[in-house]
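For reference, the chains in residue letters:
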Amino acid sequence: MREIAKACVIAAKDMLTEIRTREVISSVVVFAVLVIVIFNFAFGSNQQAAGLVAPGIIWVTFAFAGILSLNRSFVLEKEEDCIEGLMVAPISREAIYLGKFFGNLLFIFLIQAIVIPVFSLLFNVGFFNIELVLITILASVGFASVGTLFAAMAVSTRARELVLPILFFPVITPVIIAAVNASAVILGGGVLSDITQWLGIIGAFDIIFIVASYLVFCFIIEE
Amino acid sequence: MNIQEPVVMAAETIPAVEIKGLSRNFGTFEALRNLSLAVQPGETLAIFGHNGAGKTTLLKILSTVMKPTGGEVFYGGLSIAADAENIRRRLGVLSHQSFLYSSLTAYDNLVFYSRLYDVADCDTRIKHLLNRLGLRSRMYDKVGTFSRGMSQRLAIARALLHRPEVVLMDEPESGLDTFAMDTLWQLVREDSRTVIFTHHNLERGFQAASRVAIMARGKMFFCPDIKCSPGELEKAYAASLEMA
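Scope of this entry: the structure provided in the associated data block. (Residues numbered from 1 in each chain as written. Chains lettered and ligands numbered in written order. Predicted model: local features only at pLDDT ≥ 70, side-chain atom pairs only at ≥ 80, totals over all residues.)

Section: the overall build of chain B
What counts here: What counts as a helix is a DSSP run of H or I of at least four residues, what counts as a strand is a run of E of at least two, and both are numbered from the N terminus. For the radius of gyration, the atoms used are the C-alpha atoms, and the globule rule reads 2.2 Å times the number of residues raised to 0.38. Three classes are used. A residue is buried when 20 or more other C-beta atoms lie within 10 Å of its own, exposed when 12 or fewer do, and partly exposed in between, with C-beta atoms placed from the backbone. The contact rule is simple: place each C-beta atom from the backbone, and if two of them lie within 7 Å, those residues are in contact.
Summing up its helical and strand segments, chain B has 8 helices and 10 strands in all. Relative to the compact-globule value of 18 Å for 244 residues, chain B shows a C-alpha radius of gyration of 18 Å, a close match. Principal-axis analysis of the C-alpha atoms gives chain B an extent of 50 × 40 × 40 Å. A buried classification covers 46% of the 244 residues belonging to chain B. Put simply, of all contacts in chain B between residues at least 6 apart along the chain, 72% involve residues at least 24 apart.

This is how it looks when you write it as structure tokens:
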């Protein structure tokens, strides 16, 4: 419990930093809305085609917008070696991982909360139902768990903006595929029982990567 | 001059910090080589050495940021390999970098670290330290607007916030004016803390220390049990430069 409490302190600090600067949220939201608007123009007159590609568009938007915010999460810690400040504090390395994971997850949720209404409006797609919310939450957990680990690895490299996507996308592909397919089923009129296998894939991925990232994070920040 | 001389301790005293056969390699480069040292409670040990002597690596290992390749470090008998979290609670670390978030205010930064260290009545403690360091009037300003010296003063407050028993400092006076240097040593010496610090200036470091040591090429080159004379220190330092 203490570890979770300390992780929440770190996540709260990340949110406070963003509230003070609004650096990431403004750029990520502009980017995400721009992507959706461009796709909307591309499929503007063809509502049928737009409906077919909508699940792919929203998850591509989340993936790329997510990368921008994940990149920033450890850059903050690198300035003035703040990561060392966390490492000399009486908390475990795992608590640092959890803190950054919670912070990134909150961020992804915040981006989605802004982007989804825009997407729903432009593509005339109802994204507000329990199944789609469930898919979004599970996939976001997968994004944040893998993204936090790879962002920690990438931040020490010179070309971190390039390194993170190269590491992140191949690993997160199963989640994106499952999320796109599950969203397509629901948007096509399916119900929860139709997407259990996709949710199972995302859920298994989440568990595996949260546990694996939690265990290996200490080696990444110490070396 | 004592070269690699083992430190003689009273049998009943547990050293505040004890280093046994410490080594650290970066690939084939040996940054620390079989280094041993003991620091008694309340001592202020100054470590000098040429660039690349291994001072910062030693402090990084002592602060638990870096793991050694070999050897052990104990704080009051507790091993950093087994009790790192408990040990970190007793440690205050002041580095080249401030560990402060530039987009947060001075107060936000200290509240954040207070929560990590479970500091009781943190508001009073923060205001007390900021008063002592002459930063009270800037407590709600973003750290990004601070000068180098002000950031360093705030870093002192951060390092001492939780009243650590042992303080580790890497070049603590860099960027500080005379007032801040005096305040630093006043604050650090409160509560009979054990202090280990590195310094590039022999004279300043010698004045602040109760004991001195010189590192050269990853080894403890000169480490007398008691404070030597300034002349002895200068002579030993000159000899250490020949080794570099």
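From this point on, the discussion continues.
Points about the overall build of chain A
On a plain count of helices and strands, chain A comes out with 8 helices and 0 strands. Along chain A, helices (α) and strands (β) appear in the sequence α-α-α-α-α-α-α-α when read from the amino end. Since a compact globule built from 223 residues should have a radius of gyration of about 17 Å, the 18 Å found for chain A is in line with a globular shape. Dimensions along the principal axes, computed over C-alpha positions, put chain A at roughly 55 × 35 × 30 Å. Here chain A, with 223 residues, has 46% of them falling under the buried criterion. Contacts spanning at least 24 positions in sequence make up 83% of the contacts within chain A whose residues lie at least 6 apart.

Notes on the sheet that holds strand E8 (residues 194-198) of chain B
Residues and elements named next belong to chain B. The cut-off we apply is this: In this scheme, strands are said to pair when DSSP sees at least two bridges between them. Only the stretch in contact is used when fitting a helix axis, every axis being a line fitted to C-alpha atoms; angles between N-to-C directions are given from 0 to 180 degrees.
One open sheet accounts for 6 strands, arranged E6-E7-E8-E3-E9-E10; its pairing is mixed. Each of the sheet's edge strands pairs with one partner strand only, and the pair in question is strand E6 (91-94) and strand E10 (219-222). For this sheet the average axis-to-axis angle between neighbouring strands, irrespective of direction, equals 25 degrees. Sheet topology note: the strand E7 (residues 166-170)/E8 ladder contains 5 bridges and is parallel. Considered in E8, the bridge of aspartate 170 is made with threonine 198. Lying over the sheet, helix H1 (residues 55-62) contacts strand E3 (44-49), E7, E8 and strand E9 (211-216), oriented at roughly 150 degrees with respect to E7.

What to know about H1(B)
Residue and element names in this part refer to chain B. Across the 8 residues that make up H1, a large majority, 7, are buried. Listed as buried for H1 are Lys55, Thr57, Leu58, Leu59, Lys60, Ile61 and Leu62. Directly after H1, the chain includes threonine 64, whose backbone phi takes a positive value near 70 degrees.

A short note on the interface of chain B and chain A
Which entries qualify depends on this criterion: Any residue outside Ala, Val, Leu, Ile, Met, Phe, Trp, Tyr, Cys, Pro, Asp, Glu, Lys and Arg is labelled polar, Gly included; the first ten of those are nonpolar and the last four are charged.
Facing the 24 residues of chain B at the interface are 21 residues of chain A. Among the elements of the structure, helix H2 (84-90), E6 and helix H3 (106-117) of chain B are those that each provide at least two residues to the side of chain B that touches chain A. For the side of chain B that touches chain A, the element with the most residues is H3(B), which contributes 5 residues. A breakdown of the residues in the side of chain B that touches chain A according to their chemical character gives 11 nonpolar, 7 polar and 6 charged.

Some words on the environment of B:Asp108
With respect to the secondary-structure elements, B:Asp108 resides in helix H3. B:Asp108 sits 33 residues away from B:Asp141 along the chain, and the two C-alpha atoms are 9.5 Å apart.

Focus on the sheet that holds strand E2 (residues 29-39) of chain B
Residues and elements named next belong to chain B. Strand order in the open sheet formed by 4 strands is E2-E1-E4-E5, and the pairing between neighbours is antiparallel. Of all the strands in the sheet, the pair left with one neighbour each is E2 and strand E5 (78-79). Relative to E2, strand E1 (residues 17-26) runs antiparallel, the two sharing 7 bridges. Each bridged residue has a counterpart across the sheet, and for leucine 22 the counterpart in E2 is leucine 35.

Points about the nonpolar core
For the record, the criterion: A set of buried residues qualifies as a nonpolar core if it consists of Ala, Val, Leu, Ile, Met, Phe, Trp, Tyr and Cys joined through C-beta atoms within 7 Å.
Core analysis: the biggest nonpolar cluster contains 148 residues, and A:Ala179, B:Ala157, B:Leu168, B:Ile196 and B:Ala213 have the highest contact counts within it. Among all residues touching B:Ile196, those that are not within four sequence positions of it are B:Val17, B:Val39, B:Leu45, B:Ile47, B:Leu62 and B:Leu168.

Some points on the packing of helix H1 (residues 2-21) of chain A against helix H5 (residues 93-123) of chain A
Residue and element names in this part refer to chain A. Test applied: Roughly parallel refers to an angle under 35 degrees, roughly antiparallel to one over 145, roughly perpendicular to one between 65 and 115, and oblique to any angle outside these ranges. Take the far helix as your reference; a near helix turned counterclockwise from it by less than a right angle gives a left-handed crossing, and one turned clockwise gives a right-handed crossing.
Packing of H1 against H5 brings their axes to within 7 Å, and their N-to-C directions diverge by 45 degrees. As far as their axial angle goes, H5 and H1 are oblique. Read as a crossing pair, H1 and H5 show a hand that is right-handed. Between H1 and H5, the contacting residues are Glu3, Ile4, Lys6, Ala7, Cys8, Val9, Ile10, Ala11, Asp14 and Met15 on the first element and Glu94, Ala95, Ile96, Leu98, Gly99, Lys100, Phe102, Gly103 and Leu106 on the second. A per-class count over the contact of H1 with H5 returns 12 nonpolar, 2 polar and 5 charged.

With respect to the environment of A:Thr148
All names here are of chain A. Tracing the backbone through its elements, the reader meets threonine 148 in helix H6 (residues 130-154). Here the alpha-carbon distance between threonine 148 and leucine 98, two residues 50 residues apart in the chain, equals 9.0 Å. Setting aside anything within four residues of it in sequence, one finds threonine 148 in contact with Tyr97, Lys100, Phe101, Asn104 and Ser213.

Section: the pairing of E8(B)
Residues and elements named next belong to chain B. Stated formally: Clockwise travel from the first strand over the helix to the second, with the strands pointing away from the viewer, marks a crossover as right-handed.
Here E8 lies mainly inside the structure; 5 of its 5 residues are buried. Of the two faces of E8, both are covered, the one formed by Thr194, Ile196 and Thr198 as well as the one formed by Val195 and Phe197. As a crossover connection, the stretch from E7 through helix H6 (residues 178-189) into E8 is right-handed.

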